[in-house]
Amino acid sequence: MSRGPVLVFDSGIGGLTVLREARVLMPERCFVYVADDAGFPYGVWGEEDLKDRIVTMFGRLLSEHRPQLCVIACNTASTLVLEPLRSAFPDMPFVGTVPAIKPAAERTRSGLVSVLATPGTVRRAYTRDLIQSFAAQCHVRLIGSEYLAGLAEAYIRGDPVRSPQIHAEIEPCFVEQDGRKTDIVVLACTHYPFLANQFRRLAPWPVDWLDPAEAIARRAHSLLAPQHVVSDDPDVAIFTSEAPDFAIRRLMSGFGLTLAPMRH
């Protein structure tokens with residue numbers, strides 16, 4: 001008898017960075033990838049509306065797919081809905097994606113850390129609480145980029161993205177202060193690692209770009225009981241718009257994901 005899948009949820013296709021790491025750690029498991037592309041981008045949503053949307057959607061997803069564990073592979077959603085999801089579905093383990101502020105504070109030598117996020121993640125009290133708890137001794141700059149998640153989506157799809165557009169979004173991350181320079185930039189959106197090579201090329205000086213995907217996958221792995229039988233169920237992808245275009249279908253195929261409809 002096959003066990004339930006691991007469900008990976010994001011507002012778009014950025015969560016594929018987390019899925020990629022999860023598959024490396026858990027090759028024996030089956031995955032369901034859910035992209036709420038009908039709601040993308042989450043950074044511009046009002047908090048209550050977004051909370052209601054995601055909790056309602058998970059009622060359907062858990063009933064249909066009966067996963068063993070859910071990964072919220074989206075910083076904006078995690079900082080807002082992790083607790084409501086855990087309250088609504090107390091028997092389901094949820095792993096969230098939160099800005100990697102603690103490891104950044106432990107690793108920085110200059111004491112200057114930037115957090116590159118969406119406007120929604122920057123606004124959340126959760127993010128500021130992380131800074132207060134783990135990085136009070138650092139100078140942490142929060143940058144809420146309105147356009148970078150969309151640029152990352154375009155880049156992944158193979159659409160043209162101009163370097164000046166990316167440069168304008170990352171430029172505020174780089175701070176010089178009293179002879180010190182920013183040495184770590186936290187990528188606080190799962191879309192951003194897809195642009196990491198562009199970031200490195202356009203950066204005014206080298207920094208450590210912190211991608212949380214591997215840590216999220218390790219956390220999910222640690223919460224699951226060992227599975228000794230390899231699942232023979234296909235990995236599937238669900239898009240809430242139900243209208244992924246050719247570029248997305250090609251991308252999903254490249255990731256070994258079979259498109260499935262969202263049931264209502």
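Computed from a prediction, not measured in an experiment: that's the story for all the values here. (Residues numbered from 1 in each chain as written. Predicted model: local features only at pLDDT ≥ 70, side-chain atom pairs only at ≥ 80, totals over all residues. Heavy atoms only, no water.)

A. Just the overall build of the protein, in detail. The helix and strand tally for the protein stands at 11 helices and 12 strands. For the protein, the spread of C-alpha atoms along the three principal axes comes to 60 × 40 × 40 Å. The proportion of buried residues among the 264 residues of the protein is 54%. Considering only intrachain contacts with a sequence separation of at least 6, the fraction spanning at least 24 residues in the protein is 77%. Summing over all exposed atoms, the protein offers an accessible surface of approximately 12200 Å²; the carbon and sulfur share of this is 50%. (Helix = DSSP H or I, 4+ residues; strand = E, 2+ residues; numbered from the N terminus. Buried < 20%, exposed > 50% of the residue type's maximum accessible area, 1.4 Å probe, protein only. Contact = heavy atoms within 4.5 Å. Areas by Shrake-Rupley, 256 points an atom, 1.4 Å probe, with all protein chains shown as cover.)

B. Just the packing of helix H1 (residues 16-25) against helix H10 (residues 213-223), in detail. Remark: H1 packs on H10, axes separated minimally by 8 Å, with the N-to-C direction vectors making an angle of 50°. Viewed along their axes, H1 and H10 adopt a mutual orientation that is oblique. In the crossing of H1 with H10, the sense of the turn from one axis to the other is right-handed. Residues Thr 17, Val 18, Glu 21, Ala 22 and Leu 25 of H1 lie in contact with H10, whose contacting residues are Ala 213, Glu 214, Ile 216, Ala 217, Arg 218 and His 221. Of the residues contributing to the contact of H1 with H10, the split by class is 6 nonpolar, 2 polar and 3 charged. (Axes fitted to C-alpha atoms, helices over the stretch in contact; angles between N-to-C directions. Parallel < 35°, antiparallel > 145°, perpendicular 65-115°, else oblique. Left-handed = near helix turned anticlockwise from the far one by under 90°. Nonpolar A, V, L, I, M, F, W, Y, C, P; charged D, E, K, R; others polar.)

C. Main features of the nonpolar core. Counting residues in hydrophobic clusters, the biggest one holds 29 residues, and the most contacted among them are Val 8, Ile 13, Leu 16, Tyr 33, Val 71, Met 252 and Leu 257. Listed by contribution, the elements that provide at least two residues to this core are strand E1 (6-10), H1, strand E2 (31-35), strand E3 (69-72), H10, strand E11 (236-239) and helix H11 (246-254). Excluding residues that lie within four positions of it along the chain, Leu 257 makes contacts with Leu 16, Leu 19, Arg 23, Tyr 33, Asp 235, Val 236, Ala 237 and Met 252. Ranked by size, the runner-up nonpolar core spans 25 residues in total, among them Ile 54, Leu 61, Cys 70 and Met 262. (Core = buried A, V, L, I, M, F, W, Y, C linked by side-chain atoms within 4.5 Å.)

D. Layout of the sheet that holds strand E6 (residues 139-144). Reading across the sheet, the 4 strands line up as E6-E5-E9-E10 and stay open at both edges, with parallel pairing between neighbours. Both outer strands of the open sheet, E6 and strand E10 (208-210), are each paired with one neighbouring strand and no more. Geometrically, the sheet is characterised by an average inter-axis angle of 20° between neighbouring strands, direction not taken into account. In terms of strand pairing, strand E5 (residues 112-117) meets E6 through 6 bridges, oriented parallel. Within E6, the position partnered with Ser 114 by the bridge is Arg 141. (Pairing = 2+ DSSP bridges.)

E. Local environment of the environment of Val 161. Structurally, the position occupied by Val 161 is in the loop between helix H7 (148-157) and helix H8 (163-170). When the C-alpha atoms of Val 161 and Leu 151 are compared, they prove to be 6.6 Å apart, with 10 residues separating the residues in sequence. If we ignore the near neighbours within four places in the chain, the residues touching Val 161 are Leu 151, Ala 154, Tyr 155 and Ile 166.

F. Broad picture of the side chain of Glu 153. Mapped onto the fold, Glu 153 is located in helix H7. The buried charged residue Glu 153 lacks any salt bridge, with Arg 157 as its nearest oppositely charged partner at 5.8 Å. Looking at Glu 153, its side chain comes within polar contact range of the main-chain nitrogen of Ile 13, at 2.8 Å. Not counting chain neighbours up to four residues away, the residues in contact with Glu 153 comprise Gly 12, Ile 13, Gly 14, Phe 40 and His 191. (Lys, Arg positive; Asp, Glu negative; His and termini not counted. Salt bridge = Lys/Arg side-chain N within 4 Å of Asp/Glu carboxyl O. Polar contact = N/O pair within 3.5 Å; in protein donor to acceptor, adjacent residues only side chain to side chain.)

G. Quick look at H1. Residues of H1 that are buried: Leu 16, Thr 17, Val 18, Leu 19 and Ala 22. As for H1, its buried residues are in contact with E1, E2, E3, H10 and H11.

H. Structural view of the sheet that holds strand E12 (residues 258-260). The strand order E4-E3-E1-E2-E11-E12 describes an open sheet built from 6 strands, whose pairing is parallel. Both outer strands of the open sheet, strand E4 (94-95) and E12, are each paired with one neighbouring strand and no more. This element, helix H2 (residues 47-65), spans E1, E2, E3, E4 and E11 of the sheet and lies at about 155° to E1.

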